[in-house]
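# Observations on the model geometry
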Amino acid sequence: MSSIKIECVLPQKCGCGESPVWEEASNSLLFVDIPAKKICQWNSLSKQVQQVTVDAPVSSVALRQSGGYVATIGTKFCALNWENQSVVVLAEVDKDKKNNRFNDGKVDPAGRYFAGTMAEEVAPAVLERHQGSLYSLSPDHHVKKYFDQVDISNGLDWSLDHKIFYYIDSLSYSVDAFDYDLQTGQISNRRSVYKLEKEEQIPDGMCIDVEGRLWVACYNGGRVIRLDPETGKRLQTVKLPVDKTTSCCFGGKDYSEMYVTCARDGMDPDSLLRQPEAGGIFKITGLGVKGIASYPYAG
Ligand SMILES: O=C(O)[C@H](O)[C@@H](O)[C@H](O)[C@H](O)CO
Ligand SMILES: [Zn+2]
């Protein structure tokens, strides 16, 4: 076995850190702090953080092929110009659901921006149920709705051959798979590939590695787990010194490092004393497997 090392590389104190995305061009990790309405860029070489504050909870950020970024802000798909900090709305969803916001989002291998919604939480994982939907924004800014009745739309990624879409609705405690048609962006044939065990708690963000295995951050479980979606077996558990692990991505040189975000919101004073790094950005090295580059939005 390789020797795994876990370190907090940025003591950020995010209320809810989310959406880690590696940006190769700048050797940086992008991430958001949802309740703080912040999009952050941590430069791994200078160790400096730059941030842009927006006007509503921001739940995901992604690269944009034409430059800058895209982000899900409130219930809007937006484009962000980092230099002048300007935000342009590309599309809006759930207009009839005033209490909804977007949650996790990610770009598919064809450049479509996928993101799902949820009702705003009154406390972590406490919310009006079945209010969310899953959407994608195509490069021509057209919005497609896949399904509704979602509780907490969360982790998503695609298989290496682009034929499967993996998806997590947190309160189902399941990692699901769909057949994926990359040409049309259609999904079909939903099935569960893994049911979380009790101590693994709530499945949140997810990413795929070069061997086609899934890494799932377990909210309240203080860990990331590696799953084989073909056999439905858990292959590995990596525990972190914080409970509210929210998402993970590969990055760094050759995508051999894993970055994990986590939350501080919802922790009692006692847990905060025991977990002073809660809300920080963690780096895991020595996993012995690499990840893949994230896809940029093509619009
Ligand atoms: O990080 C996210 O994706 C959500 O926005 C969070 O609120 C947690 O996931 C949720 O509380 C646990 O289910
Ligand atoms: Zn999440």
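Calculation criteria
Residues numbered from 1 in each chain as written. Chains lettered and ligands numbered in written order. Predicted model: local features only at pLDDT ≥ 70, side-chain atom pairs only at ≥ 80, totals over all residues. Heavy atoms only, no water. Helix = DSSP H or I, 4+ residues; strand = E, 2+ residues; numbered from the N terminus. Rg over C-alpha atoms; globule rule 2.2 N^0.38 Å. Buried < 20%, exposed > 50% of the residue type's maximum accessible area, 1.4 Å probe, protein only. Contact = heavy atoms within 4.5 Å. Areas by Shrake-Rupley, 256 points an atom, 1.4 Å probe, with all protein chains shown as cover. Core = buried A, V, L, I, M, F, W, Y, C linked by side-chain atoms within 4.5 Å. Donors = N, O, S within 2.8 Å, 3.2 Å for Na, K, Ca; no water. Pairing = 2+ DSSP bridges. Axes fitted to C-alpha atoms, helices over the stretch in contact; angles between N-to-C directions. UniProt positions renumbered as here; feature names shortened; annotations may be inferred. Salt bridge = Lys/Arg side-chain N within 4 Å of Asp/Glu carboxyl O. Polar contact = N/O pair within 3.5 Å; in protein donor to acceptor, adjacent residues only side chain to side chain.

### With respect to the overall build of the protein chain
Within the protein chain, the regular secondary structure consists of one helix and 24 strands. The C-alpha radius of gyration of the protein chain comes to 17 Å, within 12% of the 19 Å expected for a compact globule of 299 residues. Projected onto its principal axes, the C-alpha positions of the protein chain cover 45 × 45 × 40 Å. Counting across all 299 residues of the protein chain, residues that qualify as buried make up 57%. Across the protein chain, contacts joining residues at least 24 apart in sequence account for 48% of those joining residues at least 6 apart. Split by element, the accessible area of the protein chain, about 12,400 Å² in all, is 47% carbon and sulfur.

### Some details on the nonpolar core
Among the nonpolar cores identified, the biggest contains 30 residues, and Trp 215, Val 224 and Met 258 are the most heavily contacted of them. Those elements that place two or more of their residues in this core are β1 (5-10), β3 (28-33), β4 (38-43), β19 (214-219), β22 (245-251), β23 (257-262) and β24 (281-285). In terms of residue count, β23 provides more of this core than any other element does, four residues in total. Ranked by size, the runner-up nonpolar core spans 21 residues in total, among them Val 32, Val 58, Tyr 69 and Ala 71.

### Some remarks on the coordination of the zinc ion (ligand 2)
Angles between donor atoms at a metal ideally measure 109.5 degrees for a four-coordinate tetrahedral arrangement and either 90 or 180 degrees for a six-coordinate octahedral one. Distances from the zinc ion (ligand 2) to its protein donors, namely Glu 18 (OE), Asp 104 (OD), Asn 154 (OD1) and Asp 204 (OD), fall within the range 1.9 to 2.4 Å. Each donor residue of the zinc ion (ligand 2) lies on the same chain, and together they follow the pattern E-x85-D-x49-N-x49-D. Of this pair, Asn 154 sits in strand β14 (residues 153-158) while Asp 204 sits in strand β18 (residues 202-208); the two residues are 50 residues apart in sequence, bridging distant segments of the chain. You can call Asn 154 buried: its relative accessible area is 3%. The class for Asp 204 is buried, based on a relative accessible area of 7%.

### Quick notes on the sheet that holds β14
What links the strands of a sheet is backbone hydrogen bonding, and the strands pair in either a parallel or an antiparallel sense. On the basis of which strands lie adjacent, the open sheet formed by four strands has the order β14-β15-β16-β17 and antiparallel pairing. With one partner strand each, in any of the chains shown, β14 and β17 (186-195) form the two edges of the open sheet. With strand direction ignored, the average angle separating the axes of adjacent strands in the sheet is 25°. Across six bridges, strand β15 (residues 164-169) lies against strand β16 (residues 174-181) in antiparallel orientation. Paired with Tyr 166 across the two strands is Ala 177, which belongs to β16.

### Description of the UniProt feature "domain: SMP-30/Gluconolactonase/LRE-like region" (unreviewed entry) in the protein chain
Mapped onto this numbering, the UniProt entry gives "domain: SMP-30/Gluconolactonase/LRE-like region" (unreviewed entry) at residues 16-263. For the annotated span residues 16-263, helix accounts for 0% and strand for 59% of the residues, and the straight-line distance between the end C-alpha atoms is 4 Å.

### Here's the deal with the pattern of salt bridges
For the structure on display, the rule yields 16 salt bridges. Between Arg 190 and Asp 176 there is a salt bridge, and its shortest N-O distance comes to 2.9 Å. Of this pair, Arg 190 sits in strand β17 while Asp 176 is found in strand β16, placing the two residues 14 residues apart along the sequence. Arg 190 sits in the partly exposed class, given a relative accessible area of 39%. In this structure, the salt-bridge partner of Arg 213 is Glu 211, at a minimum N-O distance of 3.6 Å. Using a relative accessible area of 23% as the deciding quantity, one classes Arg 213 as partly exposed. Linked by salt bridges that have partners in common, Asp 209, Glu 211, Arg 213, Arg 226 and Asp 228 make up one network.

### Side note on the pairing of β19
With six of six residues buried, β19 lies mostly within the body of the structure. Side-chain alternation along β19 places Leu 214, Val 216 and Cys 218 on one buried face and Trp 215, Ala 217 and Tyr 219 on a second face that is also buried. In this structure, β18 lies alongside β19, joined through five bridges in antiparallel fashion. Following the sheet pairing, Ile 202 is matched in β19 by Tyr 219. Counting the residues in the hairpin turn of β18 and β19 gives five residues, including Gly 212, whose phi is positive at 80°.

### Remarks on the side chain of Asn 100
Looking at the secondary structure, you find Asn 100 in strand β10 (residues 100-107). Here Asp 94 takes part through its side chain, which lies 2.9 Å from a polar atom of the side chain of Asn 100. The contact partners of Asn 100, leaving out residues within four places of it in the chain, are Thr 75, Asp 94, Thr 117, Met 118, Ala 119, Glu 120, Gln 131 and Gly 132.

### Overview of the side chain of Ser 159
By the secondary structure assignment, Ser 159 is in the loop between β14 and β15. Apart from residues lying up to four places away in sequence, Ser 159 is in contact with Ile 164, Tyr 166 and Ile 208.

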